[in-house]
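# Reading the structure
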Amino acid sequence: MKSLQINSIYENIDKEVKKKSNFFISDWNLDIDDTYISNIINESFINGEKNVYNYFSADEDFEYLKQKVLNEINLDYFDISNIAFSLNGTTAIFTSLLLLEQMAQNFLLFTPTYFLYSDLLKYFGKKIYYYDFYNIQDVNLKYLENILDNKQINVVVITDPLFSIGKTIPIDFLENITKISSKREIIILIDGMFSNLIWGEKIDELLPTKYLEFLFRYKKVIYIDSLTKKLGLNGNKFSIIYANKEFISKLQNYQIYTVGSFSSSQIYMIDQLYDSKNKNLIINQLESLKVKSQNIYKLVETMIQGTDIKLYEVDSGYYSCISIPKKYFKQKNDIQIFKTLLDECGIITLPLSIYHFNTKDNYAFRINLLKNKSKILNSIDKIIEFLNCVFV
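Summary of the structure given here. (Residues numbered from 1 in each chain as written. Predicted model: local features only at pLDDT ≥ 70, side-chain atom pairs only at ≥ 80, totals over all residues. Heavy atoms only, no water.)

Our next topic: the overall build of the chain. What the chain contains, in helices and strands, is 14 helices and 14 strands. Out of the 392 residues in the chain, the part that is buried amounts to 59%. Taking contacts inside the chain between residues at least 6 apart in sequence as the whole, the part at least 24 apart equals 76%. (Helix = DSSP H or I, 4+ residues; strand = E, 2+ residues; numbered from the N terminus. Buried < 20%, exposed > 50% of the residue type's maximum accessible area, 1.4 Å probe, protein only. Contact = heavy atoms within 4.5 Å.)

In the structure shown here, the tally under the stated rule is 20 aromatic pairs. Aromatic side chains Y131 and Y143 sit 6.3 Å apart centroid to centroid with 50° between the ring planes, which places their arrangement in the tilted category. You can see Y131 sitting in strand β5 (residues 127-132) and its partner Y143 sitting in helix α6 (residues 141-150), a full 12 residues away along the chain. According to the relative accessible area criterion, Y131 is buried, its value standing at 9%. Assessed through its relative accessible area of 48%, Y143 is described here as partly exposed. Judged by centre distance (6.1 Å) and plane angle (85°), the rings of F194 and Y318 are edge-to-face. Of this pair, F194 sits in the loop between β7 (187-191) and α8 (209-215) while Y318 is found in the loop between β11 (310-311) and β12 (319-325), placing the two residues 124 residues apart along the sequence. Comparing F194 with Y318, the two get one shared label, buried. Taken together, Y114, F115, F163 and Y355 form an aromatic cluster joined through their ring pairs. (Phe/Tyr/Trp six-rings, centres within 6.5 Å; stacked < 30°, edge-to-face > 60°.)

Bringing the pattern of salt bridges into the picture now. With the rule as written, the count across this model stands at 15 salt bridges. For the salt bridge of E145 with R184, the shortest nitrogen-to-oxygen distance reads 2.9 Å. A residue pair is termed long-range when its members are at least 10 positions apart, and E145 in helix α6 and R184 in the loop between α7 (171-183) and β7 qualify at 39 residues. Classification of R184 as partly exposed rests on a relative accessible area of 28%. Taking the shortest distance from any N to any O, the salt bridge between D275 and K277 comes out at 3.2 Å. On the basis of relative accessibility, which here comes to 17%, the residue D275 falls in the buried class. Linked by salt bridges that have partners in common, K68, D271, D275 and K277 make up one network. (Salt bridge = Lys/Arg side-chain N within 4 Å of Asp/Glu carboxyl O.)

What follows deals with the nonpolar core. Counting residues in hydrophobic clusters, the biggest one holds 112 residues, and the most contacted among them are L108, F133 and Y242. With seven residues, the single largest contributor to this core is helix α12 (residues 279-303). By size, the runner-up hydrophobic cluster in this structure holds 28 residues, among which are L116, M193, I248 and Y254. (Core = buried A, V, L, I, M, F, W, Y, C linked by side-chain atoms within 4.5 Å.)

Structure (C-alpha cells):
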C-alpha cells in the first residue's frame, strides 16, 4: 500500500538499521534511561504473564477504564459514550478512516502528515488535497475557506503538533478551523498523539481536556490521543479515540475486525496510567523527556551555526527537522540523498517528503531528539564534515 518512494526507503532502513555502524537519527524509538514509571511498566508485563489466557475483546465497553479517563476530563457534556480505546495509534487511524470512508469523498490533509493517512485514502479511492501548514502564521483563513468550498471538502485531517516537526498548532487557530468546518458540516479528524508536550509550559493534566472542551461543542469531531506514545512505550501501546456517541459506537464495532483483542498487559497499563495516584509520576516523566529534548535541540542548534544546515523551529515534543541544500548532492532525488548520507556518514534518515512536506531545493529529514546524545552530536558532526569536503 505504501508509495514506491516510501517502500524503497523502508526496505533500506530494515536492512541498514541492523548494522551497528549505522545510526538511525530519525528513529521512532526513544532512548530512555531513567524512568519515574518503571514500576508501572514492570507490573504491566507481570500482570500480562499472569493473565496470558484471558481475552479482552476490542468491542468491549471497558466502562470502569473509561470512567477513570472521564474523571480526569470533568466536562459536563462528556461521558463514557464519547470514548473508545484502540490497540495503538495505527489502528486508531485505520478504524477512524474506515468510518469516514463511508461518509466522505474529498479530504484535506494539513502537511506534514503521516503517510498512512494518504496511503489509506488512496486505497479507498478518495480525492486528497494537501495544505502546507508549517508556516501557520501565513495561513489565510479566507483562502482556506475557499479551498473547503471549491474542492467540496468533507473531512479535514490535522496532526498536532505537525508530524515529525514538533510545531504546535495554536489552540485559537484550531478553534477557528473547527468553526469554519462546522458551518459547512465538515468532519474534523485531529491526530493529537504527541500533543500537550509544549516546551516551557508545565503539564498539569494527562488528557487533552483543553482541546476537547471546545471541539465537542461541535458534533463532527474525532480526536486521537496516546499517552503511551508520549511516554515512548512502543512495546505496550494503546490509544484513545474521542468522538460523538454515534461515531464511537461504529468505531468499536469496526475494531472487532481490525483489532480483535487487547492483551491483559495493555488493560493493566490503561488502568494504571489513568489512576490518579500515578498522575504526578507520569507528569514528571513527560517533563523529563521534554527537558532532554530541548537540551539536545539547543546543542544541535549551536553545532550548525555558520553552516548551510537548517534546524526547524520547534516548540513541542521530541522531534525536529534538519534540512540541507540539495546543491551539496550530485543526485537531487530524495532516495538518492538518503543513500548518500547512509553511505558517506553511516546515518539513516527519514526524508520529510514521505510525509508530503515540500522542502523544494532542500533535503529535510526528521531528527529524534531523544536518541543517544553523543550519537546525535557525532552524526551532525559527520554531516558537517561531509558537506565541507564536498565544497573543498
